[in-house]
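What the coordinates show
Residues per chain, in single letters:
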Amino acid sequence: MARPDLNLLVTLDVLLEEGSVTRAGERLALSPSAMSRALARLRRATGDPLLVRAGRGLVPTPRAVELRERVRGLVQEAEAVLRPVESLDLATLQRTFALRGSDGFVERFGPALVAEVAEAAPGVRLRFLQKTKKDPAPLREGIVDLETGVVENTLPPDVLSKPLFTDRFIGVVRAEHALGAGKVTAARYAAARHVHVSRRGLTAGLVDEALEPTGHRRDVVTVVDGFGAALALARATDLVATVPRRHTANLRQGLRSFELPFRAPEVTVSLLWHVRLDADPAHRWLRGRVSAVCHFEDD
């Protein structure tokens, strides 16, 4: 069966409202002959004459009268579907958003974000997920709505991003550690035992590249896959953890932090999302809240 031409609904709506082929044609910018052809198609599609001559004018048939309100409603609904959303009613918004980030992000920025969202949109639920690897698939598949991370390579064309903040690395030790007292030099820093963070299991990274010009090398004795694990080891042992300052602020409570005795590497943490959600009003609003919280919250 051939699919119906839905454009005929608009034509029928105008015809039933005007009761005149000429006036309907003027509204639709169609010639009288084009309108007559459209009316003929409508008659074939509905199996009813719809408008019949009565004196000098046209009057609707019972079938046309029956269809008038239904057609008007369908046309109005279609127009609403194809019209951009004019406003977002946060007070009545009911939606769940999944946000994925590295450990430390929820502890640092989660409380403020949850509070802001709850105040403005009490029907919105936030679901925080742990980021175990860099993979755009969860964004593409709709498992994740937003993601935070460091963009190291060119993103695929269907993933968009916005910088949130720049973070720099610092050293962290337990209060009783030898580096907790006196000036921390490159030699003292390198001579200590270190825990390195790498999801891929590497034993060197940005910190080692920054340390290399000093002529020293770190003694990395342990590798973990997250900042939380590195700081837990630093809290319980004499290992030195070197982590991003802002990202780990809450995880570092009770530990002693120090500036690196060489040019500390910096990273830019960005917000990522799939292009299909770029124009979504609710998603756009949440992106703005995440960005505002990350800019406001600082040590």
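Residues numbered from 1 in each chain as written. Predicted model: local features only at pLDDT ≥ 70, side-chain atom pairs only at ≥ 80, totals over all residues. Heavy atoms only, no water.

**Quick look at helix H9 (residues 227-236)**
It helps to recall that an α-helix has 3.6 residues per turn; residues three or four apart then point in one direction. Three or more residues of H9 are buried, namely Phe227, Ala230, Leu231 and Ala234. For H9, the arc enclosing every buried residue in end-on projection is 95°, short of the 170-degree limit, so these residues lie on one face. The inward-facing, buried residues of H9 abut strand E6 (159-173), strand E7 (193-197), strand E8 (219-224) and strand E9 (240-244). (Buried < 20%, exposed > 50% of the residue type's maximum accessible area, 1.4 Å probe, protein only. Helix = DSSP H or I, 4+ residues; strand = E, 2+ residues; numbered from the N terminus. Arc of directions from axis to C-beta. Contact = heavy atoms within 4.5 Å.)

**A few points about unusual backbone geometry**
Despite not being glycine, Ala29 has its phi angle at roughly 60°, a positive value. Mapped onto the fold, Ala29 is located in the loop between helix H2 (21-28) and helix H3 (32-46). Residue Ala29 is classed as exposed on the basis of its relative accessible area, which comes to 70%. With phi around 65°, Leu50 is a residue other than glycine that occupies positive phi space. Mapped onto the fold, Leu50 is located in the loop between H3 and strand E1 (51-54). Leu50 sits in the buried class, given a relative accessible area of 1%.

**Observations regarding the pairing of E6**
Both E6 and strand E11 (residues 266-274) contribute to a ladder of nine bridges, which runs antiparallel. Bridging from a neighbouring strand, Val159 pairs with His274 of E11. Here E6 runs beside E9; their pairing, made up of four bridges, is antiparallel. Within E9, the position partnered with Ile170 by the bridge is Val243. Summarising the sheet, E6 and strand E10 (residues 256-258) pair through three bridges and their orientation is antiparallel. In the strand pairing of E10, Val172 is matched with Ser257. (Pairing = 2+ DSSP bridges.)

**Remarks on the packing of helix H5 (residues 105-120) against helix H10 (residues 281-296)**
Orientation of H5 relative to H10, taken along the N-to-C sense of each, is 130°, at an axis distance of 10 Å. Regarding the angle of H5 to H10, the classification is oblique. Viewed along their axes, H5 and H10 form a crossing whose handedness is right-handed. For the pair formed by H5 and H10, the contact residues are Phe105, Phe109, Ala112, Leu113, Glu116, Val117 and Ala120 on the first element and Trp285, Leu286, Arg289, Val290, Val293 and Cys294 on the second. Residue composition of the contact of H5 with H10, grouped by class: 11 nonpolar, no polar and two charged. (Axes fitted to C-alpha atoms, helices over the stretch in contact; angles between N-to-C directions. Parallel < 35°, antiparallel > 145°, perpendicular 65-115°, else oblique. Left-handed = near helix turned anticlockwise from the far one by under 90°. Nonpolar A, V, L, I, M, F, W, Y, C, P; charged D, E, K, R; others polar.)

**Thoughts on the pattern of salt bridges**
Taken as a whole, this structure holds 16 salt bridges when the rule is applied. Close ionic contact of Arg27 with Glu17 constitutes a salt bridge, the shortest N to O distance being 3.5 Å. Pair noted here: Arg27 is in helix H2 and Glu17 is in helix H1 (residues 7-18), with a separation of 10 residues, a long-range link. Arg27 sits in the partly exposed class, given a relative accessible area of 44%. Between Arg289 and Glu116 there is a salt bridge, and its shortest N-O distance comes to 2.7 Å. Here Arg289 is found in helix H10, whereas its partner Glu116 is found in helix H5, with 173 residues between them in sequence. In this structure Arg289 comes out as partly exposed when scored by relative accessible area, which is 25%. Residue classification places Glu116 among the partly exposed residues on the basis of a relative accessible area of 29%. Several salt bridges converge on common partners, so that one network encompasses Glu17, Glu18, Arg23 and Arg27. (Salt bridge = Lys/Arg side-chain N within 4 Å of Asp/Glu carboxyl O.)

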